[in-house]
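Here are the chains, one letter per residue:
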Amino acid sequence: MLRQGLSRTLIGYLFAAMLAVFVAGCGGGSEGSGSVTTIGFDVEDVIARTGPIVAVRVGETATLDGSKSITTLAGPLSFSWSFSSKPDASNTTLLNAATANPSFVADTRGAYMVQLVVSAAGVSSQRAIQLVIATIVPERLTGPFDHQGLSSNCVQCHNGELDLVSRPGKVLGKSLDHLATSNMCETCHTP
(Lines give C-alpha, C1' and ligand atoms only; values in the text may rest on other atoms or scores of the structure.)
Protein backbone atom coordinates (compact mmCIF):
# COMPACT_ATOMS: atom_id res chain seq x y z
CA MET A 1 0.00 0.00 0.00
CA LEU A 2 2.84 2.36 0.84
CA ARG A 3 4.50 1.47 -2.45
CA GLN A 4 1.32 2.23 -4.44
CA GLY A 5 0.97 5.65 -2.73
CA LEU A 6 4.61 6.48 -3.51
CA SER A 7 4.07 5.53 -7.18
CA ARG A 8 1.03 7.79 -7.42
CA THR A 9 2.96 10.66 -5.86
CA LEU A 10 5.86 10.22 -8.28
CA ILE A 11 3.50 10.03 -11.24
CA GLY A 12 1.77 13.19 -10.01
CA TYR A 13 5.12 15.03 -9.79
CA LEU A 14 6.09 13.78 -13.24
CA PHE A 15 2.76 14.91 -14.69
CA ALA A 16 3.09 18.34 -13.02
CA ALA A 17 6.63 18.76 -14.39
CA MET A 18 5.53 17.79 -17.92
CA LEU A 19 2.61 20.21 -17.70
CA ALA A 20 4.92 23.02 -16.55
CA VAL A 21 7.29 22.36 -19.47
CA PHE A 22 4.37 22.28 -21.91
CA VAL A 23 2.90 25.54 -20.60
CA ALA A 24 6.30 27.27 -20.60
CA GLY A 25 6.91 26.12 -24.16
CA CYS A 26 3.56 27.40 -25.36
CA GLY A 27 3.67 30.81 -23.75
CA GLY A 28 7.33 31.69 -23.60
CA GLY A 29 9.57 31.34 -26.57
CA SER A 30 13.26 32.04 -26.11
CA GLU A 31 14.30 35.37 -24.67
CA GLY A 32 15.21 37.80 -27.41
CA SER A 33 13.42 35.89 -30.14
CA GLY A 34 10.69 38.47 -30.60
CA SER A 35 8.03 35.84 -31.00
CA VAL A 36 5.83 33.72 -28.82
CA THR A 37 4.97 30.23 -30.01
CA THR A 38 1.58 28.76 -29.24
CA ILE A 39 0.04 25.59 -30.54
CA GLY A 40 -0.13 26.01 -34.31
CA PHE A 41 0.66 29.75 -34.30
CA ASP A 42 3.75 31.97 -34.37
CA VAL A 43 2.92 35.49 -33.23
CA GLU A 44 5.50 38.24 -33.75
CA ASP A 45 5.39 40.62 -30.80
CA VAL A 46 8.29 42.89 -31.81
CA ILE A 47 9.40 43.40 -35.42
CA ALA A 48 12.40 45.41 -36.60
CA ARG A 49 11.93 47.05 -40.00
CA THR A 50 14.59 49.05 -41.79
CA GLY A 51 14.31 51.53 -44.58
CA PRO A 52 15.31 51.15 -48.22
CA ILE A 53 18.87 50.84 -49.53
CA VAL A 54 20.71 54.14 -49.10
CA ALA A 55 23.22 55.35 -51.71
CA VAL A 56 25.73 58.06 -50.80
CA ARG A 57 29.06 59.41 -51.98
CA VAL A 58 32.15 58.95 -49.81
CA GLY A 59 32.20 61.76 -47.23
CA GLU A 60 28.41 62.13 -47.12
CA THR A 61 26.17 61.31 -44.17
CA ALA A 62 23.94 58.24 -44.44
CA THR A 63 20.74 58.38 -42.38
CA LEU A 64 19.14 55.04 -41.46
CA ASP A 65 15.44 54.42 -40.87
CA GLY A 66 13.92 52.11 -38.26
CA SER A 67 10.73 54.11 -37.85
CA LYS A 68 8.54 51.41 -39.40
CA SER A 69 9.42 48.93 -36.61
CA ILE A 70 6.37 47.76 -34.65
CA THR A 71 5.28 46.03 -31.46
CA THR A 72 2.04 44.62 -30.10
CA LEU A 73 3.36 44.83 -26.55
CA ALA A 74 2.76 47.62 -24.07
CA GLY A 75 5.48 50.20 -23.73
CA PRO A 76 7.71 52.05 -26.14
CA LEU A 77 10.18 50.52 -28.59
CA SER A 78 13.87 50.81 -27.87
CA PHE A 79 16.33 50.77 -30.79
CA SER A 80 19.77 49.21 -30.99
CA TRP A 81 21.73 49.74 -34.22
CA SER A 82 25.21 48.34 -34.91
CA PHE A 83 27.43 47.65 -37.89
CA SER A 84 27.34 44.02 -38.96
CA SER A 85 29.79 44.75 -41.78
CA LYS A 86 31.63 47.74 -43.21
CA PRO A 87 34.54 48.21 -45.62
CA ASP A 88 37.93 47.20 -44.18
CA ALA A 89 39.35 50.73 -44.37
CA SER A 90 36.37 52.32 -42.59
CA ASN A 91 36.70 53.88 -39.14
CA THR A 92 33.20 55.37 -39.03
CA THR A 93 30.93 55.13 -36.03
CA LEU A 94 27.17 55.35 -35.64
CA LEU A 95 25.70 58.52 -34.20
CA ASN A 96 22.53 58.18 -32.09
CA ALA A 97 22.54 54.36 -32.36
CA ALA A 98 19.71 54.10 -29.80
CA THR A 99 17.23 56.11 -31.91
CA ALA A 100 14.97 55.26 -34.84
CA ASN A 101 17.10 57.31 -37.25
CA PRO A 102 20.84 57.09 -36.54
CA SER A 103 23.45 58.26 -39.01
CA PHE A 104 27.10 57.88 -39.93
CA VAL A 105 29.57 59.40 -42.37
CA ALA A 106 30.56 56.97 -45.12
CA ASP A 107 34.32 57.40 -44.87
CA THR A 108 35.34 54.95 -47.59
CA ARG A 109 33.96 53.30 -50.73
CA GLY A 110 31.97 50.09 -50.29
CA ALA A 111 28.97 48.46 -48.67
CA TYR A 112 27.95 49.15 -45.08
CA MET A 113 25.51 46.72 -43.45
CA VAL A 114 23.87 48.06 -40.33
CA GLN A 115 21.66 45.83 -38.22
CA LEU A 116 18.71 46.88 -36.12
CA VAL A 117 17.23 45.06 -33.14
CA VAL A 118 14.22 46.62 -31.43
CA SER A 119 12.88 45.73 -27.99
CA ALA A 120 9.70 46.29 -26.02
CA ALA A 121 8.60 44.94 -22.63
CA GLY A 122 11.74 42.78 -22.39
CA VAL A 123 11.20 41.08 -25.77
CA SER A 124 13.66 41.67 -28.62
CA SER A 125 13.08 41.34 -32.35
CA GLN A 126 15.05 39.38 -34.86
CA ARG A 127 17.59 41.60 -36.54
CA ALA A 128 16.87 43.55 -39.69
CA ILE A 129 19.63 44.84 -41.97
CA GLN A 130 19.81 48.19 -43.74
CA LEU A 131 22.28 48.51 -46.61
CA VAL A 132 24.25 51.64 -47.40
CA ILE A 133 26.34 51.77 -50.59
CA ALA A 134 29.06 54.44 -50.73
CA THR A 135 30.70 55.30 -54.05
CA ILE A 136 33.06 57.88 -55.45
CA VAL A 137 32.51 60.17 -58.41
CA PRO A 138 31.98 59.27 -61.27
CA GLU A 139 30.76 55.79 -60.24
CA ARG A 140 27.07 55.09 -60.41
CA LEU A 141 25.53 55.25 -56.97
CA THR A 142 24.43 51.62 -56.81
CA GLY A 143 26.51 49.63 -59.30
CA PRO A 144 25.24 47.98 -62.47
CA PHE A 145 21.72 47.42 -61.11
CA ASP A 146 19.67 50.25 -59.70
CA HIS A 147 19.03 49.25 -56.07
CA GLN A 148 18.79 52.74 -54.60
CA GLY A 149 15.53 53.17 -52.74
CA LEU A 150 14.63 49.47 -52.94
CA SER A 151 14.00 47.37 -49.84
CA SER A 152 17.00 46.29 -47.81
CA ASN A 153 15.25 42.91 -47.54
CA CYS A 154 16.58 41.17 -50.67
CA VAL A 155 13.93 38.44 -50.82
CA GLN A 156 11.20 40.97 -51.50
CA CYS A 157 12.55 41.10 -55.08
CA HIS A 158 14.92 38.13 -55.25
CA ASN A 159 12.23 35.65 -54.34
CA GLY A 160 12.88 32.79 -56.77
CA GLU A 161 10.36 33.96 -59.37
CA LEU A 162 11.20 35.24 -62.83
CA ASP A 163 8.21 36.84 -64.52
CA LEU A 164 9.35 39.60 -66.85
CA VAL A 165 5.86 40.22 -68.26
CA SER A 166 3.57 40.89 -65.30
CA ARG A 167 6.27 41.66 -62.69
CA PRO A 168 9.38 42.91 -64.48
CA GLY A 169 11.36 43.67 -61.33
CA LYS A 170 11.41 40.12 -59.99
CA VAL A 171 14.54 38.01 -60.38
CA LEU A 172 15.72 34.58 -59.35
CA GLY A 173 16.55 33.81 -55.74
CA LYS A 174 19.46 31.71 -54.54
CA SER A 175 20.57 28.76 -56.65
CA LEU A 176 20.01 25.12 -55.72
CA ASP A 177 23.72 24.65 -54.96
CA HIS A 178 23.85 27.67 -52.60
CA LEU A 179 25.37 27.07 -49.18
CA ALA A 180 22.63 25.98 -46.76
CA THR A 181 21.99 28.78 -44.28
CA SER A 182 19.21 30.41 -42.31
CA ASN A 183 20.90 33.84 -42.50
CA MET A 184 19.28 36.67 -44.37
CA CYS A 185 20.77 37.38 -47.83
CA GLU A 186 21.92 40.81 -46.62
CA THR A 187 24.24 39.15 -44.09
CA CYS A 188 26.65 38.11 -46.89
CA HIS A 189 25.52 39.83 -50.11
CA THR A 190 25.42 43.44 -51.24
CA PRO A 191 24.05 44.91 -54.47
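Residues numbered from 1 in each chain as written. Predicted model: local features only at pLDDT ≥ 70, side-chain atom pairs only at ≥ 80, totals over all residues. Heavy atoms only, no water.

(A) Structural detail: the nonpolar core. If you look at the biggest cluster of nonpolar residues, it comprises 20 residues, and the most contacted ones within it are V56, L64, W81, F104 and V132. Mapped onto this core, the elements with two or more residues apiece are β4 (54-57), β7 (78-85), β9 (110-120) and β11 (128-135). The element contributing the most residues to this core is β9, with five residues. Core analysis: the next-biggest nonpolar cluster, separate from the first, contains six residues, I53, M113, I129 and I133 among them. (Core = buried A, V, L, I, M, F, W, Y, C linked by side-chain atoms within 4.5 Å. Buried < 20%, exposed > 50% of the residue type's maximum accessible area, 1.4 Å probe, protein only. Helix = DSSP H or I, 4+ residues; strand = E, 2+ residues; numbered from the N terminus.)

(B) Structural view of unusual backbone geometry. A positive phi is found at N96, a non-glycine position, where the angle reads about 60 degrees. Looking at the element boundaries, N96 is found in the loop between β7 and β8 (103-105). The backbone of A121 sits at a positive phi, close to 50 degrees, despite the residue not being glycine. Residue placement: A121 occurs in the loop between β9 and β10 (123-124). The class of A121 is exposed, set by a relative accessible area of 61%.

(C) Representation of the packing of aromatic side chains within the structure. Taken as a whole, this structure holds three aromatic pairs when the rule is applied. On the basis of an interplanar angle of 45 degrees and a centroid distance of 5.0 Å, the ring pair of F104 and Y112 is categorised as tilted. We classify F104 as buried; its relative accessible area is 0%. Put simply, the rings of F83, F104 and Y112 touch in pairs and so form one group of aromatic residues. Between K86 and the ring centre of F83, over which it is positioned, the NZ or CZ distance is 4.7 Å. (Phe/Tyr/Trp six-rings, centres within 6.5 Å; stacked < 30°, edge-to-face > 60°. Lys NZ or Arg CZ within 6 Å of the ring centre and 35° of its normal.)

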